[in-house]
Number of protein chains: 2
Amino acid sequence: MSVNESMRKLGEVRSVIRETFEYGNRRAAEIGRENVFDFSLGNPSVPAPAEVGNALRALLDGDPVALHGYTSAQGAEAARRAIADDLNRRFGEEIGIGKDDLYLTCGAAASLTVSLHALVEPGDEVVVIAPFFPEYRVFAEQAGAVVRVVPAEKTAFQIDFPALRAILNPKTKAIIVNSPNNPTGALLTPHTLQTLCYLLRERSAAYGRPIYLLSDEPYRELVYDPDAEVPYLTALYDHTLVCYSYSKSLSLPGERIGYIAVCNRMPERDAVYAAVCGAGRALGFVCAPSMMQAMLPRVLGVSGDLETYRRNRDLLYGSLCEMGFRCVRPDGAFYLFVESPEPDANAFCARAREYELLLVPSDSFGCEGYVRVSYCVSTEQIRRSLPAFERLAARYWG
Amino acid sequence: MSVNESMRKLGEVRSVIRETFEYGNRRAAEIGRENVFDFSLGNPSVPAPAEVGNALRALLDGDPVALHGYTSAQGAEAARRAIADDLNRRFGEEIGIGKDDLYLTCGAAASLTVSLHALVEPGDEVVVIAPFFPEYRVFAEQAGAVVRVVPAEKTAFQIDFPALRAILNPKTKAIIVNSPNNPTGALLTPHTLQTLCYLLRERSAAYGRPIYLLSDEPYRELVYDPDAEVPYLTALYDHTLVCYSYSKSLSLPGERIGYIAVCNRMPERDAVYAAVCGAGRALGFVCAPSMMQAMLPRVLGVSGDLETYRRNRDLLYGSLCEMGFRCVRPDGAFYLFVESPEPDANAFCARAREYELLLVPSDSFGCEGYVRVSYCVSTEQIRRSLPAFERLAARYWG
């Protein structure tokens, strides 16, 4: 062939999420947008907070050469300092993150691809925990890793530690965790995280080389229980890289702005940080969008309207449970992970489409028999969709 | 090692351009910014046109969910349509570029890394023409290619065709051209381009597989002769991918916005476009910054103040020639490529630093014995630097 075959396949095979979304658009053209109940995408429905627009307007009144110019590859110093100050204020100095441990990125996907390219050498393995965001596999394989999947722990979507322990081996370079989780909405408890870090420390010592913890946490601020604890993982484990994005907390998914935080307590911190810079360079990122970098110091601490998501969760979770659907109650993010009432989630999704309900089957998340329902939609859409869910339920146990 | 060694090295070895720039900042802190004559960086000194700020302000008054939301991976349809319309208006329909042949990117570097990953298979070779932007080697090698360098044609910085012909072989996947050129400012003439396309067509036929032409053209609009012809290469050669960026034409280098245009006359167009989409996905680009995409339809056809660059070129080129320096007169971009008056350009740059003149030696551009002088600075800086250049000249032939 004249092109790279694996790239061609990745471009031709649409993700099931994207395919469902596009079916929704076609269907909306046929029967009207208000009659299609699209729960497929994780595109925030809550507007960016007013502070974002105000900050951008103020910046546009300043010097355009400075505003739109290249920043250093690791990010403008003012942005890195503001982020480090904000993190230290919220999580303490013990997280081991100063301004020079941050590398600004074009969003969460870039945070992951850059981190993985920085760490992975040929033959390395990267561990993911089912259910997981399907692109983890794409990103890790592109970096040259073999992906190993820890099967889902289905009672509370924590971690099946015996299964994880059986998978770890001297070739394990990194493990990706995602809490709050896409697609389940589950939070990893402090106990789960401490057990994980204990195991990683013990196995790293046994193998004589570190296993890195990649914390993919775009949903960090989307947590509904005010008493819930979401530890900053560099405080628990030195060999941690935090992969963050402002996509969800500031409702800016299209703007591509996030960061990698490299814990400065890891002994080989300089090599890891250099490799992050090298990977960003080799992949062609140059710098994160400069106006978004300039905005950050003015909006840190602000977040979108979480109440809408909480209201959506309560309405949808309560209603579906009442109808007889089964689902672990999500503590964060904006997804419900609902058990399919028949073994094949694809068949269930096809049936749901008969009622104009667009759900995403769980197979590509590495965990069969569930559907993901994204509730980052208008509360009104959820309300109008409930009769359709009821008719769907009636097909199974009516 | 616990990290990827080649990424670590890429992150540790600063480019000489970046190193020179940072020396300039240290020196400015010591002796005052106005006493350091930094000609190292290609960061546009001309502000973004007023239309850019006006368009962004108007967009910020609209719906933030739409403005900051994910676009489709290939780019928002409105942006792609506007770009295609603009290109067809300027270069005719025969360029073979419609809205669905465009893939929006996070700037020129991303256009190149995505295109190279889309095309290159293990064992493939990518040809570059000296002198060339040093990151071409990084990008092509990261995509898995072996880089082959055509030595510089030093009389006019066109192409040494016998040397190129000797390098082409059945493993040649692509050749990168860059006109107007960084670092020489030279334009490839229509005759050079036609000869190149003829040779590529002939060799592709002989090898039974296409050699792709990657046209890296962030400087397309920075051409000083109003009669100069800058052909759109898809019109000349079907197997062309144009890698464009708005960094220089709109003075937005930090914002990361550009595109790849895949000529739709190539028979395997669908496979190439799919591979571009797949590569963007695998590298973690997700989409180009959404607000910049939304801005494009409002500003296409506008460009920064070219007159400042022309004035800078005339002043600096004329003055240096008068002093006895030798240099091919640049037709575009914002660089002078000056012959070093001693064989070792690094020694010449070290001597220039004694006069606070910060120049970039040409070795990393694949062509020894020159220095690159970036004149995207204030005209005032050029004027104040001239006595320093005179004293430097006096060291050699005073």
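Residues numbered from 1 in each chain as written. Chains lettered and ligands numbered in written order. Predicted model: local features only at pLDDT ≥ 70, side-chain atom pairs only at ≥ 80, totals over all residues.

Trainee: Which residues make up the overall build of chain A, and what are the values?
Mentor: On a plain count of helices and strands, chain A comes out with 14 helices and twelve strands. Relative to the globule expectation of 21 Å for 398 residues, the C-alpha radius of gyration of chain A, 21 Å, shows essentially globular dimensions. Seen along its three principal axes, the alpha-carbon backbone of chain A occupies a region of about 60 × 55 × 55 Å. Here chain A holds 398 residues, and 56% of them are scored as buried. Across chain A, contacts joining residues at least 24 apart in sequence account for 75% of those joining residues at least 6 apart. (Helix = DSSP H or I, 4+ residues; strand = E, 2+ residues; numbered from the N terminus. Rg over C-alpha atoms; globule rule 2.2 N^0.38 Å. Buried ≥ 20, exposed ≤ 12 C-beta atoms within 10 Å, placed from the backbone. Contact = placed C-beta atoms within 7 Å.)

Trainee: Requested: an account of the sheet that holds strand β7 (residues 240-245) of chain A, with residues and values cited.
Mentor: Residues and elements named next belong to chain A. Taken together, the seven strands give an open sheet; going across it, the order is β2-β8-β7-β6-β5-β3-β4, and neighbouring strands pair in mixed fashion. One side of each edge strand has no neighbouring strand; the edge strands of this open sheet are β2 (102-105) and β4 (146-150). Looking at each pair of strands side by side, their axes are set apart by 20° on average, direction ignored. In this sheet, strand β8 (residues 258-262) lies alongside β7 in antiparallel orientation, the contact comprising five bridges. Bridge pairing in β8 places Y244 opposite Y259. Those strands touched by helix α6 (residues 108-119) are β2, β3 (125-129), β5 (172-177), β6 (212-216), β7 and β8, and its axis lies near 155° from that of β7. Relative to the sheet, helix α10 (residues 269-283) contacts β2 and β8, its axis offset from that of β8 by approximately 155°. (Pairing = 2+ DSSP bridges. Axes fitted to C-alpha atoms, helices over the stretch in contact; angles between N-to-C directions.)

Trainee: Got a sec to walk through the environment of R372(A)? Specific residues and values, please.
Mentor: Residue and element names in this part refer to chain A. With respect to the secondary-structure elements, R372 resides in strand β12 (residues 370-374). R372 sits in the buried class, given 27 other C-beta atoms within 10 Å. Separated by 343 residues in sequence, R372 and A29 have C-alpha atoms that sit 24 Å apart. Discounting chain neighbours no more than four positions away, the residues touching R372 are P183, Y335, F337, L359, V360 and S362.

Trainee: Please give an account of the interface of chain B and chain A that cites residues and values.
Mentor: The interface of chain B with chain A comprises 64 residues on the first partner and 63 residues on the second. Looking at the side of chain B that touches chain A element by element, the count peaks at eleven residues for helix α10 (residues 269-283) of chain B. Here the residues of the side of chain B that touches chain A are counted per class, giving 36 nonpolar, 18 polar and ten charged. (Nonpolar A, V, L, I, M, F, W, Y, C, P; charged D, E, K, R; others polar.)

Trainee: Any chance you could break down the packing of helix α6 (residues 108-119) of chain B against helix α7 (residues 135-142) of chain B for me, citing the residues and the numbers?
Mentor: All names here are of chain B. Look at α6 against α7: their axes get within 8 Å of each other, and the N-to-C directions meet at 35°. Note on packing geometry: the crossing formed by α6 with α7 is right-handed. Residues A109, L112, T113 and L116 of α6 form the contact with α7, whose own contacting residues are E135, F139, A140 and Q142. (Left-handed = near helix turned anticlockwise from the far one by under 90°.)

Trainee: Account for the sheet that holds strand β11 (residues 360-361) of chain B, naming residues and giving values.
Mentor: Residue and element names in this part refer to chain B. One open sheet holds the three strands; their spatial order is β9-β12-β11, and the pairing between them is antiparallel. Edge positions in the sheet fall to β9 (335-339) and β11, since each has one partner strand and no second. Relative to strand β12 (residues 370-374), β11 runs antiparallel, the two being bridged by two bridges. Residue pairing for β12: P361 is matched across the bridge by V371.

Trainee: I'd like a description of the domain arrangement of chain A, backed by residues and values.
Mentor: Residues and elements named next belong to chain A. Domain parsing of chain A yields domain 1 (5-48 + 305-397) and domain 2 (50-299). The distance between the C-alpha centroids of domain 1 and domain 2 comes to 27 Å. Each side of the interface is counted separately: domain 1 has 27 residues, and domain 2 has 30 residues. Contributing elements (two or more residues each) for the side of domain 1 that touches domain 2: α12 (306-323) and β9 (335-339). Of all the elements, α12 adds the most residues to the side of domain 1 that touches domain 2, at four residues. (Domains from an automatic or database assignment.)

Trainee: Summarise the environment of Y309(A); cite the residues concerned and give the values.
Mentor: Residues and elements named next belong to chain A. On the secondary structure map, Y309 appears in helix α12. Among the residues examined, Y309 registers 23 C-beta atoms within 10 Å and is labelled buried. For Y309, the residues in contact, after removing those within four places along its chain, are V46, L222, F334 and C376.

Trainee: Describe the relation of the copies chain B and chain A, with residues and values.
Mentor: Here the two chain copies are tied together by a rotation about an axis and a shift along that axis. Expressed as a screw transformation, the operator carrying chain B onto chain A has a rotation angle of 180° and an axial translation of 0.0 Å, and the superposed copies differ by an RMSD of 0.0 Å. Such values leave the two copies arranged in the relation of a two-fold axis. Most of the interface of chain B is mirrored in chain A, where 98% of its interface residues again form contacts. (Least-squares fit on C-alpha atoms with pLDDT ≥ 70 in both.)

Trainee: I'd love a proper account of the pairing of strand β7 (residues 240-245) of chain B, names of residues and values included.
Mentor: Residues and elements named next belong to chain B. When you tally the buried positions in β7, you get six out of six residues, the bulk of the element. Of the two faces of β7, the one lined by T240, V242 and Y244 and the one lined by L241, C243 and S245 are each fully buried. Two elements, strand β6 (residues 212-216) and β7, share four bridges in a ladder whose sense is parallel. Looking at β7, one finds that L213 is bridged to T240.

Trainee: Explain the pairing of β4(A) residue by residue, including any values.
Mentor: All names here are of chain A. In the sheet, β3 pairs with β4 via five bridges, with the strands oriented parallel. Considered in β4, the bridge of V127 is made with R148. As for the winding sense of the linkage, the β-α-β connection from β3 through helix α7 (residues 135-142) to β4 is right-handed. (Right-handed = clockwise from strand over helix to strand, strands pointing away.)

Trainee: Go over the nonpolar core, please, and point to the residues and values.
Mentor: Of all hydrophobic cores here, the largest spans 282 residues; its most connected members are A275(A), V276(A), M295(A), A275(B), V276(B) and M295(B). Residues in contact with M295(A), not counting those within four places in the same chain, are V52(A), A55(A), L56(A) and L59(A). (Core = buried A, V, L, I, M, F, W, Y, C linked by C-beta atoms within 7 Å.)

Trainee: Go over helix α3 (residues 50-60) of chain A, please, and point to the residues and values.
Mentor: Of the positions making up α3(A), those classed as buried are V52(A), G53(A), A55(A), L56(A) and L59(A). Looking straight down α3(A), one finds that the buried residues subtend no more than 165° of arc, so they occupy a single side. Exposed residues lying more than 90 degrees from the buried face of α3(A) are A50(A) and A58(A). Where α3(A) is buried, its residues touch α4 (64-68) and α11 (290-299) of chain A together with α3 (50-60) and α4 (64-68) of chain B. (Arc of directions from axis to C-beta.)

Trainee: Can you explain unusual backbone geometry? Please cite residues and give values.
Mentor: Residue P180(B) follows S179(B) across a cis peptide bond; omega there is -5°. Mapped onto the elements of the fold, P180(B) is located in the loop between β5 (172-177) and α9 (190-207). Cis rather than trans, the peptide bond between N182(B) and P183(B) has omega equal to 20°. Along the chain, P183(B) falls in the loop between β5 and α9. The backbone phi angle of F157(A) is positive, close to 50°, even though this residue is not glycine. Residue placement: F157(A) occurs in the loop between β4 and α8 (161-167). In the Ramachandran plot, E356(B) falls in the positive-phi region, its phi being about 65° despite a non-glycine side chain. Mapped onto the elements of the fold, E356(B) is located in the loop between α13 (345-354) and β10 (357-358).

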